[in-house]
Each structure stands twice: as C-alpha cells, then as structure tokens.
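Descriptive analysis of the structure
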Amino acid sequence: MQPKITRQLFDKVILPVYAPAQFIPVKGKGSRVWDQNGEEYIDFAGGIAVNALGHCHPRLVKALHQQSEKIWHVSNVFTNEPALNLAQKLIDNTFADRIFFANSGAEANEAAFKLARYYAIEKYNPYKTKIIAFHQSFHGRTFFTVSVGGQAKYSDGFGPKPADIIHVPFNNLDAVKAVIDDHTCAVVLEPVQGEGGLTCASLEFLQGVRELCDKYHALLIFDEVQCGMGRTGSLYTYQQYGVTPDILTSAKALGGGFPISAMLTTEDIATVMHPGVHGTTYGGNPLACAVGCEAFDIINTAEVLEGVQKRRAIFIEQLENINDKFRVFREYRGKGLLLGAELQPEFHHKARDFLNVATEFRVMILNAGPNVLRFTPSLIISEEEIREGMMRFAKAVEKVVNA
Ligand SMILES: *Cc1c(COP(=O)(O)O)cnc(C)c1O
C-alpha cells in the first residue's frame, strides 16, 4: 500500500519556490473542488486563469480520452492532425497566418522575443535588437522572459542578464517615445497586466504604441497569455481595442487546463524562419492540441463570450455588498473575468492574508501583487456558485478585518 500523501511531504520533496495552501485538492467538477478530507471549495482562482471551462468539463474529458486512445506524441519530426486543426482555428479567428506551438506561456514568449530579434537582424541590421517592455509586466520565468518582465525582483540574482532590454512606465506614451529608435526590434506588453495588478492599457496608449512601432519598424508583441482566450469577453483582448499586434502569445486558458501555448504571427514575419532556427520537443503535442481544439470551440461562442461581462457584473455587485459592510476595496480593476479588487491603503500588503483566510472558509482566490485581490474563475461559472462563493468570501473578509 502507498503511504498517505500529506501536505508536509511538500516541504520535504519540492523545491521551496512556492508556498501552497495547507489542503491538497484531489477532485474538481465545474467550479467546485474537493480536498483529501472531502471538504468542498468554490474555485474563483481557476488555476490562475487556466481552467476557463472549470474542472473536468465533459467535452474536454471526452476529447482527451478519445485522443489518448489514438496517439499521444510524435515530436515535430512528424506533424499531427490536432495541431494542424488548432492552428487553422487560431488563424481563422485572428490576425495571424502562422502558429508556433509550445507548452507554457514563457516558452511562447521566448519564441516571440527570439523571432522579433531574428526578424530585425535578418531584415534590417545586426544592431536592431532593443526590446522595450514595461514596469510591472510579467512574461514568464525563463531567463530571457523574466528579463523582459518588468519586476527586477524576479530576474535579479541569476548573474548577467540578456542585454538590450529597457523598461518604461506602462500607459506612458511619452516614455516609449523617449526610448524607441531605429535600433528597436520590439515593444512587448500585456493589454491587461495580469500579475502586475490588473492594469488595463488605455486605448490611446495602444494606438500610440502601434504608430510608434510602425514608424520605427519595430514589432508590436501582445502577451495575451493571461488576458486571451475569452478571459476579457472577446476571443483575444486586442480585438476589443481594435489595435492589432504583429505577434501575439496565448497560453493558460488555451488548453483549458492541459499545458499548451501558441505564438501567433503574420506571413511576412514568419518568412524569415526556416527549419532548425527554433523548436521544441513537445510543442503541438496531439493530446494538448486535441483538448485545445475542443476548448477553443466552446470558448469561441457568443454564449460563453457574452456571459463574461454578465458574470463580471455579478462579481462586482457581490464585492460591493461586502464593501458596504467592511470598506476594504478601493477600486475594481481589469477586464471581464480578469477581475481585480484593489485593497484600501490600510490593507495594503495584506492580499495574501485574504487568500489564506479565504481557504479557511472554503473559497479559492488569488492576489496580483501585495495590494490587489484577483478573481479568474471559470468563464462558465454559475450565478449560484458566484453568490455562494461570495458568501463564504464575505466571512473571510470579516475575519481579516477583525484580526
Ligand atoms: C502566466 C503568464 C506567463 C507565463 O506563463 P507560464 O505558463 O507560467 O510559463 C507569461 N505571461 C503572462 C501575461 C502570464 O500571465
């Protein structure tokens, strides 16, 4: 018999880079999760904006099961039907003509940044390598992507960083104007900053950055790893702004919980690439792509996309009720179901406390930095589940406020 797996084992066997909750989830269905003791939780975290269709959606389970009996993995020495199918769906519904699949958001961004550098060097000159990125941005944890990310605390301590990356304040067009030049290969941003506190780009900012990129022949890269795939109420967030990037990265919700990511770009940019320049063993894996196809077909419907704003409104109404009693929130941030509640100054640096106490009352939430609570539930969470989860969350807020 296997020894019982306990939370204590984590502290012994896992590299200590996380501080997970004290319970271990063992089962999920829709927006509910059960732990080892059979306690039931309402999930407003969605695995960090990944489980866009909740846990174990029957259609995703079926797609995974069916593909699992056909073929699991062939590598990119061979192609496969699910990958081509998913690529075609992405192309038919976005600006893109070409897709590169990988397994995580960081890898999709790594591919995007390498492509932007390669394109500029091939097409213009070897000195066109500057990447402009933004404070508080997050692009993943590989050394290139963490260096492009705008939080030095994540990239310091690992020795020399990839060079020629500059960070300026988000939503500040003058700052971009001050640093962009003919040596710039790319400007990289999240239309809604996820980890950085759920700040939305302003329309003027995105339009202005697009113009500057065109003027200096720099590529505009949108990291939609968190805000894409229906999360904000359109398939991709750029479609709401009407500002089109040259490269877009997608991950998190793309596989509905199965690891997969994609980098989308245009035919013109793709033409600089040829076999051997970049690659991955698992990217475009048939299992991941089969689930991705099914998730795509469910998310990319009026029913799911239009439901996002309705659900946001219910969340905000419920948060307002809590706020009427406890005065903890200063403003609501983000877009759609990438929803943030910024804490009042007296609760700053306490976001993690709210998270921890929330689990005591059996509701899973997230933070985005020290001062913002983040809600990234299933896009199809029911109204009853929102209300029930918020009743539990209200008790958690009461406990934190009275602590
Ligand atoms: C989560 C995230 C990433 C990194 O994705 P991983 O799958 O963890 O590598 C990159 N960019 C944004 C905007 C993210 O939210």
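Only a predicted model underlies this, so the values are computations on that prediction, with no experimental measurement involved. (Residues numbered from 1 in each chain as written. Predicted model: local features only at pLDDT ≥ 70, side-chain atom pairs only at ≥ 80, totals over all residues. Heavy atoms only, no water.)

**As for the UniProt feature "binding site: pyridoxal 5'-phosphate" (unreviewed entry) in the protein**
- UniProt marks Gly-105, Ala-106, Phe-138, Asp-223, Glu-224, Val-225, Gln-226 and Thr-281 with the feature "binding site: pyridoxal 5'-phosphate" (unreviewed entry), using the numbering shown here. Of the residues just listed, which span 177 residues, the most distant C-alpha pair is 24.8 Å apart, and they do not cluster in one region.
- Note that Phe-138 resides in the loop between strand E5 (130-134) and helix H6 (143-148).
- With near-sequence residues (within four places) excluded, Phe-138 lies in contact with Tyr-154, Glu-190, Glu-195 and Asp-223.
- Residue Asp-223 is classed as buried on the basis of its relative accessible area, which comes to 4%.
- Those residues within four positions of Asp-223 in sequence are excluded, and the remaining contacts are Asn-109, Phe-138, His-139, Leu-189, Glu-190, Pro-191 and Thr-249. (UniProt positions renumbered as here; feature names shortened; annotations may be inferred. Helix = DSSP H or I, 4+ residues; strand = E, 2+ residues; numbered from the N terminus. Contact = heavy atoms within 4.5 Å. Buried < 20%, exposed > 50% of the residue type's maximum accessible area, 1.4 Å probe, protein only.)

**Side note on the pattern of salt bridges**
- Scanning the model with the defined rule gives 22 salt bridges in all.
- When the shortest N-O distance is used, the salt bridge between Lys-177 and Asp-174 registers 4.0 Å. One end of the pair, Lys-177, and the other, Asp-174, are both in helix H8 (residues 173-179), three residues apart, so they sit about a helical turn from each other.
- Asp-174 gets classed as exposed once you look at its relative accessible area, which sits at 55%.
- Among the charged side chains, a network of salt bridges with common partners joins Arg-32, Glu-40, Glu-385, Glu-388 and Arg-392. (Salt bridge = Lys/Arg side-chain N within 4 Å of Asp/Glu carboxyl O.)

**Some points on the environment of Arg-392**
- Among the secondary structure elements, Arg-392 is positioned in helix H15 (residues 383-401).
- Along the primary structure Arg-392 and Gln-67 are separated by 325 residues, whereas in three dimensions their C-alpha atoms are 39 Å apart.
- Residues within four places of Arg-392 in sequence aside, it is in contact with Arg-32, Glu-40, Tyr-41, Ile-42, Phe-361, Arg-362 and Val-363.
- A polar side-chain atom of Arg-392 sits 2.9 Å from a polar atom in the side chain of Glu-388. (Polar contact = N/O pair within 3.5 Å; in protein donor to acceptor, adjacent residues only side chain to side chain.)

**Looking at the sheet that holds strand E14 (residues 366-367)**
- As summarised here, the arrangement of the four strands in space is E11-E12-E15-E14, forming an open sheet in which the pairing is antiparallel. With partners counted over all chains shown, the strands left at the sheet margins are strand E11 (329-335) and E14, one partner each.
- Strand direction decides the pairing type here: strand E12 (residues 338-343) and strand E15 (residues 372-375), joined by four bridges, are antiparallel. From the neighbouring strand, Glu-342 faces E15, where its bridge partner is Val-372. (Pairing = 2+ DSSP bridges.)

**Let's talk about the site of the ligand**
- Lining the immediate environment of the ligand, one finds Ser-104, Gly-105, Ala-106, Asn-109, Phe-138, His-139, Gly-140, Glu-190, Asp-223, Val-225, Gln-226 and Lys-252.
- Asp-223 places a polar side-chain atom, nitrogen or oxygen, 2.7 Å from a nitrogen atom of the ligand.
- The contact in question runs from an oxygen atom of the ligand to an N or O atom on the side chain of Lys-252, over 2.7 Å.
- For the shell around the ligand, the element with the highest residue contribution is helix H5 (residues 105-123), accounting for three residues.
- Counted by class, the shell around the ligand contains three nonpolar, six polar and three charged residues. (Near = heavy atom within 4 Å. Nonpolar A, V, L, I, M, F, W, Y, C, P; charged D, E, K, R; others polar.)

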